[in-house]
Each structure stands twice: as structure tokens, then as C-alpha cells.
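# Residue-level structural notes
Each chain, written out:
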Amino acid sequence: MNTLAAISALGSPTFWMSLFMLIGIYSAVTMLLNVEAGWGGMWDLGIVGLLAIGSYTYTIVTNPPGEFDVVYSPGWPVWAGILAAMATTGIVAFLVGLPALRARREYFLIITFAFAEVFRQLAINVRDLTHGTVGFNSVARPFESFFEKDALRGVLLAVTWAAALLVYALTRRISRSGYGRALRAMRDNEPVALSLGIRVSWLRLQTFVLVGVAVGGVAPLYLWWLRYVAPSVFEPQFTFTAWTALVLGGIASRSGAVLGVGVLLLFTELVELIDVPPEFRNVHVAVHPLAIGLLLVLVLRFRPEGLLSERGTFGARARQTTALDGAGAAVASRLRRLSLRGDSGKEESS
Amino acid sequence: MRRIFLPLLAIVVLGGVVLSCGDDDEGPVKLGFLAGLSGDYSEWGPPSQDGAEAAIGVINDNGGILGRDAELVVQDNLSTPEGAVTGYNRIREEIDALGGVESDGAVALLGTVAEDEMPTMCPACGTTVLDTEGGNYIWRITASDTTYGIISAQLARDAGYGRVNMLVQQTEGTESPANVFKDVWENKIGGQIGEDVRFNPGLDSYQAQVEQAFSGDPDAVYIGAGPQAGIPILREYIARGYTAAILVSPDLQVPDIAEVASELPTGRILAAQVTDDFGSPAYAEFAAAHQEYAGKPPPTGFYETNQFDQYIVLALAMTAAESTDGPDVAAQIYSIVNAPGTKVYTYADGVAALERGEQIDYDGPSGSIELHTSTGNLVSPKVAVNHIVNGSYTEREVIELDASLGR
Amino acid sequence: MQHVVFGLTTGGVLAAATVGFALIRQTENFLHIAHGQVLALGAYLSIILITNGGLNVFVAGLVAMVLTGILGVALGAVVFKPVADQGGNVLLFTSIGLAFVIYGAIIATFGTVLRKVPVGLGSRIEFSVTEFVLVLALAAALATLVGWMLANRARRAEHREVAGTWAGLWAARGTGLMLALITAAVLVTFVLATQSDGFGTGSHNGVDIATSELAMILMSLGAVLSLQFFLSLTRMGRWLRAAASNPSLAAVRGIPVRVVSGVVWFIGSALAAMAGVMIAVRRGGVTTPLGWENILVILSAAVLGGTGSIMGVMAAAVLLGLAMDVSALWIPTAYRLVVAFGALILVLLVRPEGLFSTRRRAEQAS
């Protein structure tokens, strides 16, 4: 009987709308992560930190004055909140990136991870601004006065996917531009990239800030879905989910991020729907981490290029490259090999 | 890319098409149970669910709701706000009312349930946010953290303490009563706060924090923590031989903690907790139902009676409204639980009285359920002082809240 | 004053956990994120052995260490070996995946409820301030003596080929660091002794230490020292260091690299389990996030310790432990993590190879 109850949720439109809104949001973040990590080789384990900065900025500036007991509450309109979130996240990404990007290999991972955790701790402790562990339980949403609630859900779903498409178009543009080729050249062989005149440090910082600004723009979408902001929302789980999706879909592949997110979230959400008798509750709770873990281990082991590979995105282009494409051509042959080496250029070059 | 977006869009559209399947008034009445079955609140999960299942059993044994069976739709919220939102979204379409919610979930869902016109019961959330923001679609049938903070201050005042230190875990559920305590203790009672030590949970030891919290020779230390941090803190307190009294937050009034503290002299730990009305006829029925549906006698201190009461109240409200629609049910809640009306203690009596056309005033095993109609909070939660005797919390006396300490 | 004892205990337990992590990092060349979950697994195994098997905590701990060690060998061979040539990042993400798998397995097997550990903290041994400082000084002298003998013995036993790399510097560094560490601890103690007016209001004014804490400090020290002896005095230890500093050269010279790798996985995982058991006893009760809650600190200690030597990692772990507990005197404990990560970020930026690293020197020399 319980199983039947669970299945009936499958017929509920709000369940699907909510799930697809979440998939859209995660897709956008994961595609951005791909620009940074898949193409730029900057393995960022703190993307949730940027999301937190964007989310808090948006909420603080758009909350109606006086509703929460905080020192700053200007009550800006939604569009201003989005711009503020993008700007602040971009600035923070710049400030974090300036020192963090000097670190290489696993040190960059650790630094970004540590920064994300520091932001979360600050959100807990700077309670005059963030409302402490309680957080904010209402979030300004656009079009609230124009649509009734069910229609609003649909509108927000459409807005989310429009945003995801925008991010997709952006990454598509990047992948075909000299900028994108320089990015991948830098990832694969920094000395060669340098010798080709690519300003590596500037390129890294530029990318990190670009991703920051974009994540700041995605943050409000996440809040429209969650309608709640508190430090516990920004635990590392978000980052790990995005990373698993990226690896699963195919790191450095453009559409892989979307596919990975779709497969991962559909699977874990449907598992959550199954209603189990209490004696199997432990196993049921364990399925989520087990699934994420097994997927990561197995994909890396047996199909390290992911479901859709980098070749799928760049194979055709790589053949078209000419000498004028500079860095892209210099490393074109390397691109055909597995892309997961990350920063291993040093070992390879010796 | 079309390969991916098109199927996704197709599924969204399909989802929309299948939209009207779930809407039927013939099947069972579905009552949601959204609680932390895993994560931080998992200690409370199983006993809470037992209490809820007992209520469903009682309802169905007495003819169900409006002639239909009641069914519990269990959903884990992972003890996180995000989990509560996703969990709620999974079940919101099929359920007729919601229960089981804890503080984090209630705060996160506050706007959503009101918008959905979803009658929501909060059997175990203390959060001070609900002091002012509930009342239309969300009702709290347990004491507020405000009550807990005040009662701790009152206990400290009555014990004649002058200087109290604080040791508080930085989570919403533990900071909320602690901050009320601090406010009342300093501003209403004029007591002194020495050290105020805040810490993050999840550490291997809290020795430095305990040392600091007990420094400066305080008369007592207010400890607000979950069981996981509470155990090492109490072990450290015992091992180092501190003598200051301890005021504990409600989260620490669980069997595991009592067991650890069993070697301390009685009265060293001052605890106050909402208490059940053990003498009421409702409690006997509850205990019997618990035995029958959960296969064991009810524990105490896990909000099990509140979990039970929330569904009885919802079921009675549905009966009175002759409908399971949110607004109709919500409109009946106050008339079911508040005076005037025939005092009823069981679901069967309530239904019978309603069928006779009488107005009823339900009081369950959790005690007198009278709600402020403006905020949906209990008018006078029943609070008792607990002592640890032989390794378990034992109720000593029911105490009255000093009204002059109210905020 | 008392905080030094807390810090030494925290640092000792952290050292046991971090040394295993560092050993794997050194020889397998990746950050083993699942180490925290291995630690948690060891803790859970020992709890089951104590509560259900009725075993003594030491026996249970030993059995848990052996079982976890064997599991570690299996994981190394089945999970990590096949992806070993794909580079550190793939190994790291495989380890993150493995961490989720072990975490899920722990939830499925043991449930999410709190598991109490029926082991007491033991009775207290009380010292006056003078006695405590004397004990520390004595320990410092003893450690110096042992370290000096060790260094001499190791230098003589050293193969010519690997001398001059980090392996060659190992023993000498170890002695120096040990000395620096203990001296630092004593210094901190003196400083605090003059400042501790507001604190130390337990039942007396001196310093006390629970027998369990003493046992933890001594066992960690014993384990790390044994490992150091093992690495510098036995043939397997030399193989291991050779494989760590130059795997291809080691293979060419006929060192059984696979066996060496197995030994590393066994020691690393067993040490994690040992730390897990000690943490379980300190906590008095464990819940499933145990592994996640510990991996960050382990990571920090390992990065601070650098890739130089076991003793360097141990020194970093103890210093971090002391810093975390002693800093409570000046910095609100709410900011403890901000401070810890802030320090980590700073160190990574200023000296990314870690506080005690010889690798850069070795690289420059070569």
C-alpha cells in the first residue's frame, strides 16, 4: 500500500515541476563547473561557497525592510537583487581567486574547499547580517503579484530553464572561441600555453571570476526553488553532487553536465520516493550515498570520459583547427586523449 | 544538445498531462509524516513514527475519517531544511494534511504550506520563529523554545543562582532556547552571565569548551546541545569533577544522556521538559494503542504523544468540516481544540459528539491543547521538572510558568 | 595549563589518523579522502566488538585495526590500483566516491542512530604545575635521546642511492622536529602557566590527565615511533621509502612494488582504525557523519605536515591539536573552524609544500 502511495507522486505535476527546476539549477551550476574544471583544469571543490555568497547577497538586499532583525535590509527589487548577487559573487571570486589560483594540483582543491567552509562558518557567526543559524525563511520571488501560485511555479520553471539554456549558449560560445581553446591548452600543457603567449594567470583568474558571476546569477534561481536561506543549506554535499554529475556526464563535455545531472537527480529522487517498511529504513537512507559513490568509482574506472566525452564536444572542431588557431592546434592531438589528467602536465612533460 | 533538452521538455509536458490522476475523494485520507528519519533528528525518528502510527491505528479502528481510511504517508526530510522542502514537494500533491515537522522544516516550509493551504501540525518544533508567524495553516502543539528558555531561567532563579555560564551548540534548535534564557536571565531576573561559549558540533572533544564554560566559578552552567555533543560534554564534566549545577536544554533530555549522567548526585542536572498528561483518560488509550501498533509501551521525552495528538486533531477537524480541503479543515482546528465545548479525550468520543452536533474541546495524552488563535501556539504548555534517577529521566513535579518572565 | 593536556590528546589522536593518510599520500601520490570513512569504519567495528562481542576495548581495538587493515589492502588493490596511472585527480575523486560508498555501507549496517561506547575515560592523575613541566621536560630529553640514536642507526643503514633524497633526510629531520615539537609544547605550557588565572577551576589548581588520555597519547606516540623504526630499520621499510621517492627506479631495482603497496595500505588503514577507536572512546558515542567530521582536520594536518617525513606530519598534527585547543583561550570557540581553515589557507599560500617538507629541497638538489 505504501508503494502505491509513493508511485502516485509520479502523477503529481508539482513533483515533476519541482524536480525539473532542481535539475535545471544543478545543470547550470555543473555546466559552469565544467568551464572551470573541465576546460580550465581548475578543480574547484568550493563552488557551493560562491552559491552561498550569491544567495545571501540576494536575500539580504531583497528582503523587505523590517521583516528580519538584521542591520542591513534595503528592500531592493528582484532584478536589482540578481545584479547585486552577480556582482558580489564576482568580487568575492576575484578576491578568493587572486590568492587561491596560485596554488596548483590538489592544493587548489583544498583551498577552495576551505574557503567554502569559511563562508559557511561566517554565515553562522555574523548574525547581524545573516540572521545566524535561523537564516531567512522567506525569499522574494519575481512575478509574485502577476500569477497565482501554481502558474508561478510553471513560470519559474520556465525562467530556470531559460537561464540554463543561456548558460549552455555561453559555454557553447566559449567552446568555439579562442578563449575556450586557450583555456584547454593551458589545462593540458601550461608551459606550451605560456610559450604560445597565453597569459595563464590572467586567464585563470578571468575564468574563475566569470564562473563566480554566473553562479551568483544562478543563486536566486536556487532560492526561488528552496525559499529558504540558512548556513546548513550550503554544506559541501551540493558541491559533491555537482561534481558527481559532471564526472558521470563526461567531464569537459558540454552537454555531459546536463545529462549527468538529469540521470543523477532522477535516480536519487525516485529512490527517495520508494516508501519502505521501518526495518529497511537504514538501507533506504544509504542508497543515496551508495549510488553517488558507486557511480563515481565505476565511471572513473570503466568510462573515465563519462557518458558523453570531450571528444563528442570537440572532436569535429579539433579537425578544423588551423595554424591560426594557435594554442588549440598545438595541443589538438592531446585533446583526443582522456581529459581527466587535470594538472598532470608536469609529469607528462618530463 | 537537442538530444537532451527535448526529452527533458517532453517529460515536463507529460508530467503536466498526467496532472489530474491523483485527485480523487474516494481513496484513503492521506496524512503526511515529514520528519527526520535520518540525520540529526534520527534519534527521535522511530519513536515519533510509532506515535503517529498509533494515531492512524486509533482513527481507523474507530471508523476512519468521514468513512474513509486514514493512511500515513511517511517521508524522510534528512533533518535538513533542504530535505524538508524536497520531501514536501514529493508528497504535497497527494496528502490532505501534514504532520511530524521539526523546527528547521517548519521554518523552511512556513510560506509554502500557507500558500498551498496545507493544514500543518508542528508536534516537535520549538523554534521562536513560530512564536509570531504561525496560526493560519501551521499550528504548534508543543512548547516553544521561548517557554524552555523562560523555564530554565525560572529554575535558576528559584535555585538562588547568581552567576550562570553558557555552553551552547550553534544550531537553530539549541541556540533558540539558549538565547531566550540569556535574555530572560539578564534582563528580567537580573542575573549575571559569565562566559558564553558557543561551539560547532561534530568535534571529537569539547574539553577546551567545557573548561572555559565552567571557569570563573559559576553557580550553574546552561548547556544547550544535541545528544551527540552532549555525551562527551557530560563525560568530561564528570571526569574533571566539576561541581557547578547544569541546566540542560530539551534536546538533552533523552535516555542516552540520562544514562551517561547516572552517577551524578540527583538534582545536579536541572531539566524541564514538556510533559504528558499521564493521568488523563487519553493517555491510557494512547498507551494501549502504542502497545498495539508499535508493539511496545510508549517511551517518554520523544514527543510521541504530540505526534499522536496532531493526527487526532486533524482527523477531528476533518470530521467537523465534513471535508478534507485545506481551508475547511484549517477553519475547524481552533473549535476542535479550544473551549467551549464538550470535553473529549478520545477520537471515538470526539466523532460521536460531533455527530450529535455538539461543539467539542479535545485534550489528548500530551495534555491540554488550547491554542492562541492568533499564533497557533499552546496557551499553557505543561512543563515538568525532571530528575535523573537510576540512569533515566524521571518526572518530579509539574511547574507553572512565572508569567512575569514572559517576553 | 590544562589546555595543553587537551591539545596533546587531540594532537596525539590526530597524529595516528594523519600519519596513515600521509603514508598513503606519499607512496600512492593522492589525497585519500576516504581515509576518514575508514577511520569511522574502524570505530564502528570496535564498538560492535565491545557491545556485542563483549571484548575488552584494547582487544576490540586491535581486532578492528587488523580487519580494517585487511580491508584497506583489498581497497588499494581493487579500487585504486586499476586507476593508478590516470593521475592524482582521478585517484582523489575515486577516493571521494569510495568515501560515499563506505559511508552508505556504514549507514546501511549500523543505522543512523547514535551508538554509545561503553568505555569510561578512566581515573584522573593529578599533577602540580611543576610536576607537569618536569614530566614534559623529561619526555623531551628522552625523545631527543631516542631520536638521536635512531638517526645515527638510520644513517648507517641508509642505502647510498636514496641518501640525499627525502628518504635520506628522514631520520635526521625526525629528530629535529621531535625536539622542536616537545620544546614548543613546553614553552607553550610555561606561557600558559602564567596566564591561566581564569582557567583551571576544576577541583584543584594543577593539571590533571585521565588515564584514557594518557593511554591515547602514549599509544599514538608508540605507533608513530614504531612506524618510524620500521621505515628506517627494516628492509621492507627501506623498500617502502625507495618506492615512495622513485617508484620506477624501485621497480627496476627489483623491489616488489605491489607487496610494498599492500603494506602501505595495511598500515595506513590500521592506523586510521586505531584513531577511530580512540575518537570513539573520546566521544563516548558516535554517529554516521564521524568520517566526514574528521577528514577535514586530517587533511589540514597532512598538508601542514608536508611531504617530508612521518615525524614532520606527526609534529604538524600535534601542533594543530594544541592550536585548536589552546586557541580557545583567546579566540571564541565559535570561530574555531574559521581560524583553522584560515590558517590552512595561509600556510598553503605562503608555503604550499607544507611546514615540514623536504621535497622541494630534494627536487632542487636533484
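Residues numbered from 1 in each chain as written. Chains lettered and ligands numbered in written order. Predicted model: local features only at pLDDT ≥ 70, side-chain atom pairs only at ≥ 80, totals over all residues.

### Focus on the overall build of chain A
This is how the line gets drawn: A run of H or I in DSSP becomes a helix once it reaches four residues, and a run of E becomes a strand once it reaches two; helices and strands are each numbered from the N terminus. Backbone-placed C-beta atoms define the burial measure: a residue is buried with 20 or more other C-beta atoms within 10 Å of its own, exposed with 12 or fewer, and partly exposed in between.
Counting its regular elements, chain A contains 17 helices and 0 strands. Considering chain A as a whole, with its 350 residues, one finds that 60% of them fall into the buried category.

### Observations regarding the overall build of chain C
Applicable threshold: Think of it this way: build a C-beta for each residue from its backbone, and any pair within 7 Å is a contact.
A count of helical and extended segments in chain C gives 14 helices and 4 strands. Looking at chain C as a whole, 57% of its 366 residues are labelled buried. Sequence separation of at least 24 residues holds for 82% of the intrachain contacts in chain C that already meet a minimum separation of 6.

### Some details on the sheet that holds strand 9 (residues 245-248) of chain B
Residues and elements named next belong to chain B. The condition is simple: Any two strands with at least two DSSP-identified bridges between them are counted as paired. Think of each axis as a best-fit line through the C-alpha atoms, taken over the contacting stretch in the case of a helix, with angles from 0 to 180 degrees between the N-to-C directions.
Strand order across the open sheet formed by 7 strands is 7-6-8-9-10-13-14, with mixed pairing between neighbours. The sheet is open, and its two borders are formed by strand 7 (192-199) and strand 14 (392-399), each paired with just one other strand. Geometrically, the sheet is characterised by an average inter-axis angle of 25 degrees between neighbouring strands, direction not taken into account. As judged from the 5 bridges shared by strand 6 (residues 163-169) and strand 8 (residues 220-224), these two strands associate in the parallel manner.

### What to know about the interface of chain C and chain B
Keep this limit in mind: When residues are grouped by polarity, Ala, Val, Leu, Ile, Met, Phe, Trp, Tyr, Cys and Pro land in nonpolar, Asp, Glu, Lys and Arg in charged, and all others, Gly among them, in polar.
Taken together, the contact pairs 32 residues of chain C with 32 residues of chain B. Ranked by residue count, the leading element in the side of chain C that touches chain B is helix 1 (residues 2-28) of chain C, at 5 residues. Split by residue class, the side of chain C that touches chain B holds 13 nonpolar, 12 polar and 7 charged.

### Thoughts on the pairing of strand 2 (residues 70-76) of chain B
All names here are of chain B. Convention followed: When the strands point away from the viewer, a crossover counts as right-handed if the route from the first strand across the helix to the second turns clockwise.
Within strand 2, 7 of the 7 residues are buried, leaving the element largely enclosed by the surrounding structure. Of the two faces of strand 2, the one lined by Ala 70, Leu 72, Val 74 and Asp 76 and the one lined by Glu 71, Val 73 and Gln 75 are each fully buried. Of the strand pairs in this sheet, strand 1 (residues 29-35) and strand 2 are connected by 7 bridges, and their pairing is parallel. Residue pairing for strand 2: Leu 31 is matched across the bridge by Leu 72. In the classification by handedness, the crossover that spans strand 1, the intervening helix 2 (residues 45-61) and the parallel strand 2 is right-handed.

### With respect to unusual backbone geometry
Ala 339 of chain B connects to Pro 340 of chain B through a cis peptide bond whose omega is 0 degrees. Residue placement: Pro 340 of chain B occurs in the loop between helix 13 (326-337) and strand 11 (342-344). The phi dihedral of Arg 227 of chain A falls on the positive side, at around 60 degrees, and the residue is not glycine. In this structure, Arg 227 of chain A sits in the loop between helix 10 (200-226) and helix 11 (237-249). Despite not being glycine, Asn 29 of chain C shows a phi value in the positive range, around 65 degrees.

### A closer look at the interface of chain A and chain C
Note: interface size is frequently given as the accessible area lost on complex formation between the parts. Contacts between the two partners involve 36 residues from chain A, matched on the other side by 37 residues from chain C. Broken down by secondary-structure element, the contributors of at least two residues to the side of chain A that touches chain C are helix 5 (105-125), helix 11 and helix 13 (281-302) of chain A. At 13 residues, the largest contribution of residues to the side of chain A that touches chain C is made by helix 13 of chain A.

### Considering the pairing of strand 6 of chain B
Residues and elements named next belong to chain B. Burial within strand 6 is extensive, with 6 of its 7 residues counted as buried. Of the strand pairs in this sheet, strand 6 and strand 7 are connected by 6 bridges, and their pairing is parallel. Bridged to Gln 169 within strand 7 is Phe 199. Remark: the strand 6/helix 7 (residues 172-188)/strand 7 crossover connection has right-handed handedness.

### Section: helix 13 of chain B
All names here are of chain B. Keep this limit in mind: Expected helix span is given by 1.5 Å per residue-to-residue step, counting one fewer step than there are residues.
Helix length check: helix 13, at 12 residues, gives a terminal C-alpha distance of 17 Å against a target of 16 Å (1.5 Å per residue), a fit within 8%. All buried positions along helix 13 are accounted for by Gly 326, Val 329, Ala 330, Gln 332, Ile 333, Ile 336 and Val 337. Elements in contact with the buried residues of helix 13: strand 3 (97-99), strand 5 (138-140), helix 12 (304-321) and strand 12 (360-362).

### Considering the nonpolar core
The condition is simple: In this description, a nonpolar core means buried residues of the types Ala, Val, Leu, Ile, Met, Phe, Trp, Tyr and Cys, linked to one another by C-beta atoms lying within 7 Å.
Val 313 of chain B together with Val 19 of chain C are the most contacted members of the largest nonpolar core, which has 362 residues in total. Residue contributions to this core peak at 18 residues, all from helix 2 (residues 13-39) of chain A. Contact partners of Val 19 of chain C, with chain neighbours within four places excluded, come to Val 224, Leu 227, Leu 271, Ile 310, Val 313 and Met 314 of chain C.

### Brief notes about the confidence of the model for chain C
All names here are of chain C. The following threshold applies: The predictor reports its confidence for every residue as pLDDT, a score running from 0 up to 100.
On average, chain C scores 80 in pLDDT, and the residues at 70 or more come to 79%. Taken together, the stretch residues 197-203 has pLDDT below 50 and engages in 16 contacts with residues farther than four places along the chain or on a different chain. Note that residues 359-366 has pLDDT below 50 and, in this model, 8 contacts with residues that lie over four places away or in other chains. Reported confidences for the modelled complex are a pTM of 0.86 and an ipTM of 0.84.

### Some words on the packing of helix 2 (residues 35-51) of chain C against helix 11 (residues 290-305) of chain C
Residues and elements named next belong to chain C. Stated formally: An angle below 35 degrees is treated as roughly parallel, one above 145 as roughly antiparallel, one from 65 to 115 as roughly perpendicular, and anything else as oblique. For a crossing to be left-handed, the near helix must be turned anticlockwise from the far one by less than a right angle; the clockwise case is right-handed.
Here helix 2 crosses helix 11 at 130 degrees, and the two axes come no closer than 7 Å. In terms of orientation, helix 2 lies oblique with respect to helix 11. Note that helix 2 runs across helix 11; the crossing there is right-handed. Mapping the contact onto sequence places His 35, Gly 36, Gln 37, Leu 39, Ala 40 and Ala 43 in helix 2 and Leu 290, Gly 291, Trp 292, Asn 294, Ile 295 and Ile 298 in helix 11. Here the residues of the contact of helix 2 with helix 11 sort into 7 nonpolar, 5 polar and no charged.

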